[in-house]
Amino acid sequence: MKKIKLDIVGLSYSQTQSGAYALVLGEVGGRRRLPIIIGSFEAQAIAIEIEKMTPSRPLTHDLFKSFAQAYSINITEIIIYNLVDGIFYSKLVCSDGKKTMEIDARTSDAIAMAVRFECPIYTHEFILSTAGIVIEGNDFVYLENMGEPAEEKNTVPVGGSGYGSLSVDELKTKLASALGDEAYEKAAKIRDELNRRKSS
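What you see is a predicted model; the values in this text were computed from it and never measured.

## Remarks on the overall build of the protein chain
- Counting its secondary structure elements, the protein chain contains six helices and nine strands.
- The buried share among the 200 residues of the protein chain stands at 44%.
- By element, 51% of the accessible surface of the protein chain is carried by carbon and sulfur atoms, the whole surface being about 10700 Å².

Right, dumping it as structure tokens:
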């Protein structure tokens, strides 16, 4: 299966969900973005390494890196390989120069390790098509609904999302607005609502 390379393009604090952050990955050489909601500890672990700050004592991810390097193990790449019920699944591809192993990991932890080992991050087309958001010029378009007629009005209520009373067109407008404001956590929730409607 073809792999698509991603870069970290943003990390922002959630204004609506306490302790949550939106990690935004971008398609290298493309306009698609993949927002992923992560916890504060993982966000801190990623931000500290990106900013090249040195904590007074090693964080868990720093300890893992030191442990791996002590035994000549290197992480060669990270792959976000599946998406089930809104949860991303990832794996670390590790090598000691002779043997290559794949280790399952939470996506937030995998990204935290990727920035420490300076290894590439990949995903597959079906994940970007399902959960990604594409930027066309100054417009933001939800990928799965690009081919749907503009007049479609689907108002299937979904409990707890806060968007159940809105039509598909209204959700797309709110999605574009959230992305324009760089409110990626809000954009991810709207994307999930659109996902639920498409599967219902």
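## Overview of the nonpolar core
- Within the largest apolar cluster, 30 residues are counted, with the highest numbers of intra-cluster contacts made by L25, L34, I75, I78, I80, F88 and L92.
- Taken together, the elements giving at least two residues each to this core come down to β1 (3–13), β2 (20–27), β3 (32–39), α1 (40–50), β4 (74–84), β5 (87–95), α3 (107–117) and α4 (125–131).
- Among the elements that line this core, the one with the most residues is α3, at six residues.
- Grouped together as the second largest cluster of nonpolar side chains are nine residues, I133, L166, A178 and A187 included.

## Thoughts on unusual backbone geometry
- Phi is positive for S72, close to 60 degrees, though the residue is something other than glycine.
- Examined against the element boundaries, S72 turns out to sit in the loop between α2 (60–70) and β4.
- In this structure S72 comes out as exposed when scored by relative accessible area, which is 54%.

## A closer look at the environment of D104
- Tracing the backbone shows D104 in strand β6 (residues 100–106).
- The sequence separation of D104 and Y89 amounts to 15 residues, and the corresponding C-alpha distance is 7.8 Å.
- Sequence-distant contacts of D104, that is, excluding residues within four places in its chain, are made with Y81, S90 and K91.
- A polar contact of 3.2 Å, which involves the side chain of D104, links it to the side chain of Y81.

## Structural notes on α3
- The buried count for α3 comes to 11 of 11 residues, which makes it a mostly enclosed element.
- When α3 is considered as a whole, its buried residues turn out to be T107, S108, D109, A110, I111, A112, M113, A114, V115, R116 and F117.
- A positive backbone phi angle near 50 degrees is found at E118, which sits one or two residues after α3.

## A few points about the pattern of salt bridges
- Within the structure shown, the criterion is met by nine salt bridges.
- One salt-bridge network, in which partners are shared between bridges, spans E27, R32 and E125.

Rules used in this analysis
The numbering scheme is per chain: residues are counted from 1 as the chain's sequence reads. Under the rules for a predicted model, residues below a pLDDT of 70 receive no local features and side-chain atom pairs below 80 are neither given nor counted, while totals for whole chains, interfaces and linings still include all residues. The side-chain values count all of the structure's non-hydrogen atoms but skip hydrogen atoms and water molecules. For the purposes of this entry, the term helix denotes a DSSP run of H or I that reaches at least four residues, the term strand denotes a run of E that reaches at least two, and both are numbered from the N terminus. Relative accessibility under 20% of the residue-type maximum defines a buried residue, over 50% an exposed one, and the middle range a partly exposed one, all with a 1.4 Å probe and only protein chains included. Here, Shrake-Rupley sampling with a 1.4 Å probe gives the accessible areas, and only protein chains in the shown set may cover a residue. The nonpolar core is taken to be a set of buried Ala, Val, Leu, Ile, Met, Phe, Trp, Tyr and Cys residues, with the residues joined through side-chain atoms within 4.5 Å. What makes two residues a contact is simply this: any of their non-hydrogen atoms within 4.5 Å. N or O atoms within 3.5 Å of each other form a polar contact, as long as, within protein, one can give a hydrogen and the other can take it, and as long as residues adjacent in sequence are counted only when both atoms are side-chain atoms. What counts as a salt bridge is simple: a side-chain nitrogen of Lys or Arg found within 4 Å of a carboxyl oxygen of Asp or Glu.

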